[in-house]
Amino acid sequence: MALLLGLVAVFSTLLGGVLALRWQDKLHLVLGFSAGAVIGVAFFDLLPEAFDLGAKRYGASLVATIIAAGFLLYMLLNRVLLLHPHALEDDAATESKPTWLGPGSLSIHSFLDGMGIGLAFQASTAVGAVVSMAVLAHDFSDGINTVGMALKNTGNRSHAFRWLLVDAVAPLLGVISTFFFALDEAQLGLVLALFCGFFLCIGASDLLPEAQHRHPKLVTTLLTMLGALIIYVAIHVSRI
């Protein structure tokens, strides 16, 4: 069952990414929606899961510290590696910026999603079903987010599609990996806390400013709110 749901996650991610590629000419709108979706995943999915799983053993203070550490670590990598150098417009600066950090982080998170499905099914079928619903609820947006980040960095459709394939297959690989090892709930909670910080930084300091850069702010702001709202509704419906 876990493997089947991993395959469903692959197709859900691909669908979201393909739609984002079709709307490349409206990239700022895709980025605006992606920003809301990424922030929504951080607040409505990763944050509560991190505290639910990690706080019982390690305490809420440590979980919150790791969230902050994730945010600051991603921000540091962002600045040092020039992920989005608005001020640097010359070709040399553009060529020097890494194209892997944003979509790579999203793909690692998708891998952890798959791990979450596999580990949940190790606990019980009921727990596995609930976790799977939450993962599938935002896999569609994961595809949009990955394409949005890749297009923002390079504007290259083939590059974005390659990262979409990586992100799509990541949850399936995550499910498969759990056939060979076990990670307890508390440890998984700390990992989710780290990626919660990553996603807050990606959405708030990278995707959102880029979406609103030289574009109408009202439309992109509304799409950001819509992205967060869709994630909120999808996750809460999946937990009913």
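Let us look at the structure shown here. (Residues numbered from 1 in each chain as written. Predicted model: local features only at pLDDT ≥ 70, side-chain atom pairs only at ≥ 80, totals over all residues. Heavy atoms only, no water.)

### Some points on the pattern of salt bridges
Quick reminder of the rule: When a carboxyl oxygen of Asp or Glu is within 4 Å of a side-chain nitrogen of Lys or Arg, the pair counts as a salt bridge. Elements are defined by DSSP. Helices are runs of H or I of four residues or more, strands are runs of E of two residues or more, and each kind is numbered from the N terminus.
As enumerated under the stated definition, the model contains one salt bridge in all. Close ionic contact of Arg57 with Asp184 constitutes a salt bridge, the shortest N to O distance being 3.2 Å. Taken as a pair, Arg57 in helix α2 (residues 27-58) and Asp184 in the loop between α7 (157-177) and α8 (185-212) lie far apart in primary sequence, 127 residues in all.

### A look at the packing of aromatic side chains
Rule in force here: Side-chain rings of Phe, Tyr and Trp (the six-membered ring for Trp) are treated as a pair once their centres are within 6.5 Å; stacked means planes under 30 degrees apart, edge-to-face means over 60, and tilted covers the remaining angles. Note on classification: 1.4 Å probe, protein chains only; a residue is buried when its accessible area is under 20% of the maximum for its type, exposed when over 50%, partly exposed between these limits.
Under the criterion given, the structure shown has three aromatic pairs. Arranged with centres 5.0 Å apart and planes meeting at 75°, the rings of Phe44 and Tyr232 form a pair that is edge-to-face. On the criterion of sequence distance, the pair formed by Phe44 in helix α2 and Tyr232 in helix α9 (residues 217-238) is long-range, its members being 188 residues apart. Judged by relative accessible area, which is 26%, Phe44 ranks as partly exposed. Here Tyr232 falls in the partly exposed class, since its relative accessible area comes to 37%. Geometrically, the ring pair formed by Tyr74 and Phe198 is tilted, given 5.8 Å between the ring centres and 50° between the ring planes.

### Brief notes about the nonpolar core
Put simply, the test is: Here the nonpolar core consists of buried residues drawn from Ala, Val, Leu, Ile, Met, Phe, Trp, Tyr and Cys, with membership extended through side-chain atoms lying within 4.5 Å. Residue contacts are defined here by distance: any two heavy atoms, one from each residue, within 4.5 Å place the two residues in contact.
Counting residues in hydrophobic clusters, the biggest one holds 45 residues, and the most contacted among them are Leu46, Tyr74, Val147, Phe199, Ile202 and Leu207. Elements supplying a minimum of two residues to this core: α1 (2-22), α2, α3 (60-80), α5 (101-123), α6 (125-154), α7, α8 and α9. The greatest single-element share of this core, amounting to 13 residues, is contributed by α8. Setting aside residues up to four positions removed in sequence, Val147 forms contacts with Gly17, Ala20, Leu21, Ala160 and Leu164. Counting residues in hydrophobic clusters, the runner-up holds six residues, among them Leu5, Ile117, Phe121 and Val135.

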